[in-house]
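What the coordinates show
As a plain string of letters, each chain reads:
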Amino acid sequence: MQNNEISFWLGGIVGFVLIFVIRASLHSVLKKVINQVRTRLFLETIVNWFTLFVLVVYFLTYFSETSFIYQTLFVFGNTEITIFLIIAVLFAIILAVKFSKAIREYILPTVYDKYGLDRGLRASMNTFSHYLIITMAVLISLSSIGFNLTSLTVFASVLGVGIGFGLQNVMSNFISGLIILFERPIRVGDRVIIDDTIADVEEIKIRATVVRTRVNERMIIPNSYFLEEKFINRSYADTRLRLPVEVGVSYGSDVELVKRLLHEAVYELREESWPNILASPTPRVFFEGFGESALNFTVWFWIDSQSDEREFVIPSDLRFKLFKKFAENNIEIPFPQRDVHVISNDKLNK
């Protein structure tokens, strides 16, 4: 009897080893035969799926005569939970995750490229398809193995009580995440301003959104924030951005010459190094006011997008050019000055 048990377990181990050996052999053959990387990776994924399927079937078939596979662990509603049921559900979830990953990496990009979808819509569709596939896989696997789905009403009622006592914020962010995916007030790649902090939307998850600041820090923001609070989305309807550059000149300066130099500086910068400066709308110069020490001017111009930190680099380059042009044309950029009058003691005594 003991020898039979040893043989039984050794046979099971040999079977598992043989399956993994066959998988490694198939991967080796694919690397030698298939040259295209994407095709090879997709076929390797299929091999991995098939290996997982064979492992589960082999396990359930080989150990089907053992009692512990179908032994009841506990009862959930009207359904008896067994090791077989748990393995089957885990297998369905793992298979769904792998299938979702393959769809997002090998099939959806082709669709996106064909219809020219933007980065934000791609991220929304990836997230939605991922959760849809997993949900459908769990429900189908549970119903196919005889799980009474009405038993989930018990879990739903318990969840409802939990929501009432402490999960309001979690469910609010969850629902907000779904609304963001469909309504799209923000998208992956958008530039937003949150509490005076400029950041790029990096990832929209089901509960929270990840944004990256200019100093490469990540902020984790609950999804409900983007539906309940005020924030600025610089990329919502138009990627263009108007930039102002302010400058002050001395009171003795020729204001018409200053206006012409401001226009010239913008156009020269566009021709020399920054074609991202738009010709339309045209740059505009404003005489802002009379300051204590300077005549204040502002030049407005538009750029095509905010990628590569252009809204910070281009104004900096323009200031370098203005400083040079003003120096060449004897236009003085003043600094605050104060006159100090010293009164001697003799004068005070008089």
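Residues numbered from 1 in each chain as written. Predicted model: local features only at pLDDT ≥ 70, side-chain atom pairs only at ≥ 80, totals over all residues. Heavy atoms only, no water.

Comments concerning the overall build of the protein chain
For the protein chain, the helix and strand inventory stands at 10 helices and 10 strands. For the protein chain, with 350 residues in total, the buried portion stands at 35%. Taking as baseline every contact in the protein chain between residues at least 6 positions apart, the subset at least 24 positions apart corresponds to 62%. (Helix = DSSP H or I, 4+ residues; strand = E, 2+ residues; numbered from the N terminus. Buried < 20%, exposed > 50% of the residue type's maximum accessible area, 1.4 Å probe, protein only. Contact = heavy atoms within 4.5 Å.)

Quick notes on helix α9 (residues 310-328)
The end-to-end C-alpha distance of α9, which contains 19 residues, comes to 27 Å, matching closely the 27 Å that a straight helix rising 1.5 Å per residue would cover. Here α9 has its buried residues at R310, E311, I314, P315, L318, K321, L322, K325 and F326. Projected down its long axis, α9 shows its buried positions confined to an angular sector of 130 degrees, all on one face. Along α9, exposed side chains directed more than 90 degrees from the buried face belong to F320, F323, K324 and A327. Buried residues along α9 sit against β3 (191-194), β8 (241-249), α8 (255-272) and β10 (295-303). After α9 finishes, the residue N330 shows a positive phi value of roughly 60 degrees. (Expected span 1.5 Å × (residues − 1). Arc of directions from axis to C-beta.)

Overview of the sheet that holds strand β4 (residues 197-204)
Strand order in the open sheet made by the 5 strands is β6-β5-β4-β3-β7, with antiparallel pairing throughout. Of all the strands in the sheet, just β6 (218-222) and β7 (232-233) have a single pairing partner and so form its edges. Of the strand pairs in this sheet, strand β5 (residues 208-213) and β6 are connected by 5 bridges, and their pairing is antiparallel. Within β6, the residue paired with R212 across the bridge is R218. (Pairing = 2+ DSSP bridges.)

Remarks on the pairing of β3
Residues R191 and I193 of β3 are buried on one face, and the alternating residues V192 and I194, pointing to the opposite face, are buried as well. Relative to β4, β3 runs antiparallel, the two sharing 4 bridges. Among the inter-strand pairings, I194 is bridged to a residue of β4, identified as T197. Once β3 ends, the chain turns through 2 residues before running back antiparallel as β4, passing D195 with a positive phi of about 50 degrees. As defined by bridge partners, β3 adjoins β7 across 2 bridges and the pair is classed as antiparallel. For I193, the partnering residue across the bridge sits in β7 and is I232.

Focus on the nonpolar core
Judged by nonpolar contacts, the single largest core of 25 residues is most densely connected at L262, I277, F297, F301, L318 and F326. Within the residue set of this core, elements represented by two or more residues are β8, α8, β10 and α9. Sort the elements by how many residues they give to this core and α8 lands first, with 7 residues. (Core = buried A, V, L, I, M, F, W, Y, C linked by side-chain atoms within 4.5 Å.)

Considerations on the sheet that holds β10
As a general point, the strands of a sheet are linked pairwise by backbone hydrogen bonds and lie either parallel or antiparallel. A sheet is described by the order of its strands in space; here 3 strands give the open sequence β8-β10-β9, paired in antiparallel fashion. Two strands bound the open sheet, and with one partner strand each, they are β8 and β9 (284-290). Each adjacent strand pair in this sheet contributes to an overall mean axis angle of 25 degrees, direction not counted. Of the pairings in the sheet, the one linking β8 to β10 comprises 9 bridges and is antiparallel in character. For G248, the partnering residue across the bridge sits in β10 and is N296. Lying over the sheet, α8 contacts β8, β9 and β10, oriented at roughly 25 degrees with respect to β10. On the sheet, α9 packs against β8 and β10 and is oriented at approximately 30 degrees with respect to β8. (Axes fitted to C-alpha atoms, helices over the stretch in contact; angles between N-to-C directions.)

What to know about a negative patch on the surface
Judged by side-chain charge, D195, D196, E228 and E229 come together as a negatively charged surface patch. Among the residues examined, E228 registers a relative accessible area of 57% and is labelled exposed. (Patch = residues over 30% accessible without salt bridge, like charges linked within 9 Å, V, L, I, M, F, W, Y side chains within 5 Å. Areas by Shrake-Rupley, 256 points an atom, 1.4 Å probe, with all protein chains shown as cover. Salt bridge = Lys/Arg side-chain N within 4 Å of Asp/Glu carboxyl O. Lys, Arg positive; Asp, Glu negative; His and termini not counted. Charge placed at Lys NZ, Arg CZ, Asp CG, Glu CD.)

Focus on α8
Its 18 residues place the ends of α8 26 Å apart at the C-alpha level, agreeing with the 26 Å of an ideal helix rising 1.5 Å per residue. Taken residue by residue, α8 has L257, V258, L261, L262, A265, V266 and L269 as its buried positions. Contacts made by the buried residues of α8 are with β8, β9, β10 and α9. N-capping of α8 is provided by D254, with a side-chain oxygen placed 3.1 Å from the backbone N of E256. (Polar contact = N/O pair within 3.5 Å; in protein donor to acceptor, adjacent residues only side chain to side chain.)

Considering the environment of V313
Note that V313 resides in helix α9. For V313, a relative accessible area of 33% translates into the label partly exposed. The contacts of V313, once residues within four sequence positions are left out, are W274 and D308.

Thoughts on the packing of α8 against α9
Taken N-terminus to C-terminus, the directions of α8 and α9 make an angle of 130 degrees; their axes are 10 Å apart at the nearest point. Comparing the axis directions of α8 and α9 gives the class oblique. For the pair α8 and α9, the sense of crossing is right-handed. On α9, the residues that touch V258, L261, L262, E264, A265, V266, E268, L269 and E272 of α8 are I314, D317, L318, K321, L322, K325 and F326. Classifying every residue of the contact of α8 with α9 gives 10 nonpolar, no polar and 6 charged. (Parallel < 35°, antiparallel > 145°, perpendicular 65-115°, else oblique. Left-handed = near helix turned anticlockwise from the far one by under 90°. Nonpolar A, V, L, I, M, F, W, Y, C, P; charged D, E, K, R; others polar.)

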